[in-house]
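Residues per chain, in single letters:
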Amino acid sequence: MKIAIVGAGAAGMFCAANLKAGFEIEVLEQSGGVLRKVEQSGGGRCNITNAQKNVSEFIKAYPRGGKSLRKPLMRFGNSALEEWFLKKGVKFKTEGDGRVFPESDDSLTIVNCLHSEARKNGAAIRKNFSAKNFSKMPDGKYMLSSQDGNAVIADAVLFATGGCWNADLKSALERMSHKFAEPLPSLFGFKAEGLEELAGLSLRDACLKCPEFGFETSGDILFTHEGMTGPAVLKMSSLGARVFAAKGYKLDFSLSVLKNPESFDLFCKEARAKHSKKLAKNFRHPEIPQKYWEFLLEKSGISGELEWAHFSKENQKSLRSNIMSLNAKTTAKAANTREFVTSGGLELDCVDLNTMQSKFLPNVFFAGECLNIDAFTGGYNLQAAWTTSFIAASSINSLK
Ligand SMILES: Cc1cc2nc3c(=O)[nH]c(=O)nc-3n(C[C@H](O)[C@H](O)[C@H](O)COP(=O)(O)OP(=O)(O)OC[C@H]3O[C@@H](n4cnc5c(N)ncnc54)[C@H](O)[C@@H]3O)c2cc1C
């Protein structure tokens, strides 16, 4: 029985690594390399999954597809993944924030392991084969063909093409009743106006709000020469990936750097009483970095040269308001982020999530980012690829 896997990324190669011996497996890869994204992932360390053990919490990290992933994750979640790799001699370690990496801190450990397991199962990797056309043949087999006229005929096909569906392939599947959500970027920073002087500054555990859509995230915010990025911003971009695109990424945000406004009022009281001779710019709330403090003073129309003795209630009110809710306008999506993913892809109601098989075509399976599933950073995107791919492989194994 011949199995064609389209895409030698995380999902495609994990499937090849999980197929039983005896199949003829051909992995078709449009580029000249395999597992390229996995190699780059996690800054070259591969944040392979997240340590969150509670599935109800785990699925909250997926703005799209989380609910549908509940059962698949219970079948093959982070613990099963760790066990799988441990059996192949790869150990994991967990960092304080729950991100899981190979103990080697090297994504090549994962790349080499998957490559070698796929090879053991007899998988042949056909590089530079970009599948463009897909059709069902009268005998029930499937044909995949490339632009240069090469064709592969298989009894079963796994599509593991990642976030960017080739237009022809997508049209072919659409003709066979499959539906797709428009691919849109997720996990990106924003270009913003008026924050340029903060470039290089990082705010710890800040809160970011987008009042128009009621989104709120928290975490670090990093200011760049273009605008802002960092965990709280990436999470926000993921939550709003679809509605933000519709607005051309021109949005109003508010940033809060203190959780407790009373701590600022207490600080002002103490500053006036015990540090009255100090200048406003030289004596700041301890939780607010110096650069941001000076920026907020300026935004609030307060001279940094003002002595605390003369710091009025009015000054306190306007500074407090900017500390708790600094308004920022974004102008566009930032060009570069490290760990972008695509939201959108094959609609999940086209697939039986117990098998990852198409509801319209027998022996056609889907796994990974080509599905309309995407998540925050933290190892969740790769876990979705491992989970859906493992289930697809189990289904293919049962075809034998
Ligand atoms: C820089 C970067 C870092 C990341 N780091 C992390 C991380 O640390 N942790 C995490 O959880 N997620 C991370 N992600 C996201 C994660 O890598 C992806 O979600 C994951 O790789 C998806 O796996 P996949 O197999 O579905 O798709 P991919 O890994 O994108 O693989 C798809 C493959 O299919 C091939 N292909 C596509 N179309 C065709 C076609 N028509 N014919 C033949 N081949 C085709 C592509 O060339 C590609 O090799 C990162 C993403 C990026 C870009």
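Up top is the structure.
A brief look at the structure comes next. (Residues numbered from 1 in each chain as written. Predicted model: local features only at pLDDT ≥ 70, side-chain atom pairs only at ≥ 80, totals over all residues.)

**Side note on the overall build of the chain**
When helices and strands are tallied, the chain shows 13 helices and 21 strands. With respect to the three principal axes, the spread of C-alpha positions in the chain is 85 × 45 × 35 Å. Taken across its 400 residues, the chain has 43% of its residues classed as buried. For the chain, the share of sequence-separated contacts (at least 6 apart) that also reach a separation of at least 24 residues comes to 72%. (Helix = DSSP H or I, 4+ residues; strand = E, 2+ residues; numbered from the N terminus. Buried ≥ 20, exposed ≤ 12 C-beta atoms within 10 Å, placed from the backbone. Contact = placed C-beta atoms within 7 Å.)

**Re the sheet that holds strand S7 (residues 131-136)**
Ordered by their spatial adjacency, three strands build an open sheet running S7-S8-S9, and the pairing between neighbours is antiparallel. Each edge of the sheet is formed by a strand with only one pairing partner; in this case those strands are S7 and strand S9 (151-154). Along the sheet, successive strands turn relative to each other by an average axial angle of 20°, direction set aside. With five bridges connecting them, S7 and strand S8 (residues 142-146) associate as antiparallel partners. (Pairing = 2+ DSSP bridges. Axes fitted to C-alpha atoms, helices over the stretch in contact; angles between N-to-C directions.)

**Describing the site of the ligand**
Near the ligand lie 39 residues; those nearest to it are Gly 7, Gly 9, Gly 42, Gly 162 and Gly 368. Every element with two or more residues in the shell around the ligand is listed here: helix H1 (10-18), helix H2 (36-44) and helix H13 (380-397). In terms of residues, the shell around the ligand owes the most to one element, H2, which gives six residues. Along the lines of polarity and charge, the residues of the shell around the ligand split into 17 nonpolar, 16 polar and six charged. (Near = placed C-beta within 6 Å. Nonpolar A, V, L, I, M, F, W, Y, C, P; charged D, E, K, R; others polar.)

**So, the nonpolar core**
In this structure, Ile 5 and Cys 15 are the most contacted members of the largest nonpolar core, which totals 72 residues. For this core, the element with the most residues is H13, which contributes 10 residues. Each residue touching Cys 15, except ones within four places of it in the same chain, is listed here: Ile 5, Leu 158, Ala 160, Ala 367, Ser 389, Ala 392 and Ala 393. With 37 residues, the next largest nonpolar core counts Met 228, Val 257, Tyr 292 and Trp 308 among its residues. (Core = buried A, V, L, I, M, F, W, Y, C linked by C-beta atoms within 7 Å.)

**Brief notes about helix H12 (residues 313-324)**
When the terminal C-alpha atoms of H12 are compared, their 16 Å separation across 12 residues agrees well with the 16 Å that a helix rising 1.5 Å per residue should span. Within H12, burial applies to Leu 319, Asn 322 and Ile 323. Seen from one end, H12 has its buried residues packed into an arc of 105°, which puts them on one side. Of the exposed residues in H12, the ones pointing more than 90 degrees away from its buried face are Lys 313, Glu 314 and Lys 317. (Expected span 1.5 Å × (residues − 1). Arc of directions from axis to C-beta.)

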